Amino acid sequence: MSALREQGTAPTTPSGLIRARTDGADHLVAADEPLAGFQIRAGGAVPGAIVMPALLSLVRRVRRTGQSASRAIQSVDEGRSVAAWALVTPEGDGTAIELSQWHQSEEAAAETPVSEALLRHLAEAEILLDDAQRVIAANVRAGDLAGLAAALEAGRGRYWTEFVRIERVSDLMTTRQGPLHWRLLDDAPFSVLGSPRSWRARIIPRVQGGFTLLAVPETAETLPEPTPKPTPAPDAATNAGASEPGWSRLLGRELAPALRQPITRIIANAETIRTRLAGPLAEEYAGYARDIADAGRHLMSLIEDLADLEAVEAPGFAPAPDRIDLADCARRAAGILSVRAQERGITLRTPGETAHVPAIGEFRRVLQVLLNLVTNAIRYSPEGSVVRLETGEDARGAWIAVQDEGQGLDAEQAERVFNKFERLGRSGDGGSGLGLYISRHLAQAMGGDLVVTSAPGEGARFELTLPPDRGA
């Protein structure tokens, strides 16, 4: 980081990366342009406290966890919007910052009211709603809202109030026609399962119809102190991975954040056209818009799979342990995918409301694995069949299984099904071949495993095991 000056600025590096450093007090002690210029114009200094809230939040998270993290950040610089992708890594007592895709709009942001611009800056999730407050598309940036992101993606077309708990109007949250009037829900506090933070809903009517829902955090993200782990001895596989071209890291750091926003806009605009929020439209063109939205979602799912692949293969990756109930997770996963199952005439059977199987694992990661398993079961099961979600505990630990009535797998397919990019010849199903590979990595990172038992013509049974919660 020789390009940095300890009490000033330096030109941006030839690679296009903007580098900076912070100390143990989360103060910016060195920075390249244009970050240094932004810091000073916003009333800060170098060295000095970080004035960009999104960047400060990310720096604090990395310093507390001791693990690298990245996210899109946005702000306003002298009336013009600024956006970039930030990668923060631990370095000594502080952190090292790399900003890429730095972009400052040439047009003044004065068209957007200051209050709305601030809300969009602070929001960690942006959800597009139709005029009845049903979910069209979502762009979720907060790590502790990953479960909500998965639920929104699987539950498009449902009212947004079904996915959160509205605190002040919990008993009057919906009517037979849907949620309450948007003005009654605007500024309402809410909570999300899997997130320790409190949130507030800000609803902004859109000119062309519908609403934009902004999820604004009321409390800072708090993360547990990292648990020291022994450094494993390098092996041949590790060395080989280190020498491979960093294509997946390039995707996560450079391409994924650059692609998410335009693809989300494509999906949102296509859904606006499809649902005729912008005005009357011939059915033929509504069908074209539906195809565009579906293609956009498919592309987004591939990008998310590749970003997840980078995360689970990163050195030191470790999910945050939570005390969870696998039976509750099964019921939630089935609820999220119930509409998709009904569309195919498939029945989802879950543990009863009185069933409880305490376990230790990261809630959002467990839900991610279950959504993948149940989605696959729905996709490959015949119409009119049953998909069962079963839970229990035995000598191996706490477990949850997804059993379908599909074609099943032979021994050779069962051996290959968890391989990277393996699709078992299903070239037209729209999958990336990464879902089960990522799911098994997540299971093993949480101290458990994911296995399959199957036979041709007898369906497949995928079983996730996790450490039991003996103190529950």
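Residues numbered from 1 in each chain as written. Predicted model: local features only at pLDDT ≥ 70, side-chain atom pairs only at ≥ 80, totals over all residues. Heavy atoms only, no water.

1. Quick word on the packing of aromatic side chains
For step 1, the next point in the chain: Enumeration over the complete set of coordinates arrives at three aromatic pairs.
For step 2, the next point in the chain: Seen in terms of ring centroids, Trp182 and Phe211 are 5.6 Å apart; in terms of plane orientation they differ by 45 degrees. Their pairing is tilted. Residue Trp182 is found in helix H5 (residues 182-185), and its partner Phe211 is found in strand S14 (residues 211-217); the two are separated by 29 residues along the sequence. The residues Trp182 and Phe211 share a single accessibility class, namely buried.
For step 3, the next point in the chain: Look at Phe418 and Phe462: their rings are 6.0 Å apart centre to centre, the planes differ by 80 degrees, and that puts the pair in the edge-to-face class. Taken together, the residues Phe418 in the loop between helix H12 (411-416) and helix H13 (435-445) and Phe462 in strand S21 (residues 460-466) connect sequence positions 44 residues apart. (Phe/Tyr/Trp six-rings, centres within 6.5 Å; stacked < 30°, edge-to-face > 60°. Helix = DSSP H or I, 4+ residues; strand = E, 2+ residues; numbered from the N terminus. Buried < 20%, exposed > 50% of the residue type's maximum accessible area, 1.4 Å probe, protein only.)

2. What about the packing of helix H9 (residues 326-336) against helix H11 (residues 363-380)?
For step 1, the next point in the chain: One can describe the packing of H9 onto H11 by two numbers: an axis separation of 10 Å at closest approach and a directional angle of 50 degrees. The orientation of H9 with respect to H11, classified from their angle, is oblique. Judged by the sense of rotation from one axis to the other, the crossing of H9 with H11 is right-handed. Touching Leu326, Cys329, Ala330, Arg332, Ala333 and Ile336 of H9 are Phe363, Val366, Leu367, Leu370 and Leu371, all from H11. (Axes fitted to C-alpha atoms, helices over the stretch in contact; angles between N-to-C directions. Parallel < 35°, antiparallel > 145°, perpendicular 65-115°, else oblique. Left-handed = near helix turned anticlockwise from the far one by under 90°. Contact = heavy atoms within 4.5 Å.)

3. With respect to the packing of H11 against H13
For step 1, the next point in the chain: As a packed pair, H11 and H13 sit with axes 10 Å apart at the nearest point and diverge in direction by 145 degrees. Read as a crossing pair, H11 and H13 show a hand that is left-handed. Across the interface between the two elements, Arg365, Gln368, Val369, Asn372, Leu373 and Asn376 from H11 touch Gly435, Leu436, Ile438, Ser439 and Leu442 from H13.
For step 2, the next point in the chain: Here the residues of the contact of H11 with H13 sort into five nonpolar, five polar and one charged. (Nonpolar A, V, L, I, M, F, W, Y, C, P; charged D, E, K, R; others polar.)

4. Quick look at the environment of Ala154
For step 1, the next point in the chain: Following the sequence through the fold, Ala154 ends up in helix H4 (residues 146-154).
For step 2, the next point in the chain: Take Ala154: its relative accessible area is 15%, and that puts it in the buried class.
For step 3, the next point in the chain: Once the C-alpha coordinates of Ala154 and Val339 are considered, the two residues, 185 residues apart in sequence, prove to be 8.6 Å apart.
For step 4, the next point in the chain: Dropping the residues within four chain positions of it, Ala154 is found in contact with Ile336, Leu337 and Arg340.

5. Comments concerning empty space enclosed by the protein
For step 1, the next point in the chain: Following the criterion strictly, the structure yields one cavity of 30 Å³ or more and no others.
For step 2, the next point in the chain: For the largest cavity, the calculated volume is near 60 Å³.
For step 3, the next point in the chain: Along the walls of the largest cavity sit Ile127, Leu148, Leu152, Trp160, Phe163, Val164, Phe190, Leu213 and Ala215, which together make up its complete lining.
For step 4, the next point in the chain: For the lining of the largest cavity, the elements supplying multiple residues, two or more each, are H4 and S14. (1 Å grid on protein atoms, 1.4 Å probe; cavity = no way out; pocket = protein on both sides within 12 Å on 5 of 7 lines; lining within 4 Å. Points joined across faces, edges and corners; volume = space filled by probe spheres on them.)

6. Focus on the sheet that holds strand S18 (residues 386-394)
For step 1, the next point in the chain: With mixed pairing, five strands are arranged side by side in an open sheet as S16-S18-S19-S21-S20. The open sheet has two edge strands, strand S16 (347-349) and strand S20 (449-454), and neither has a second partner. Sheet twist, expressed as the average angle between the axes of neighbouring strands with direction ignored, equals 15 degrees.
For step 2, the next point in the chain: Two strands pair when backbone bridges link them, and S20 and S21 are joined in this way by six bridges, in the antiparallel orientation. (Pairing = 2+ DSSP bridges.)

7. Notes on a nonpolar patch on the surface
For step 1, the next point in the chain: Taken together, Ile273, Leu281, Tyr285 and Tyr288 make up a surface patch of nonpolar side chains, about 380 Å² in accessible area.
For step 2, the next point in the chain: As for its placement among the helices and strands, Leu281 is situated in the loop between helix H7 (247-274) and helix H8 (283-313).
For step 3, the next point in the chain: Overall, the relative accessible area of 31% leaves Leu281 in the partly exposed class. (Patch = residues over 30% accessible without salt bridge, like charges linked within 9 Å, V, L, I, M, F, W, Y side chains within 5 Å. Areas by Shrake-Rupley, 256 points an atom, 1.4 Å probe, with all protein chains shown as cover. Salt bridge = Lys/Arg side-chain N within 4 Å of Asp/Glu carboxyl O.)

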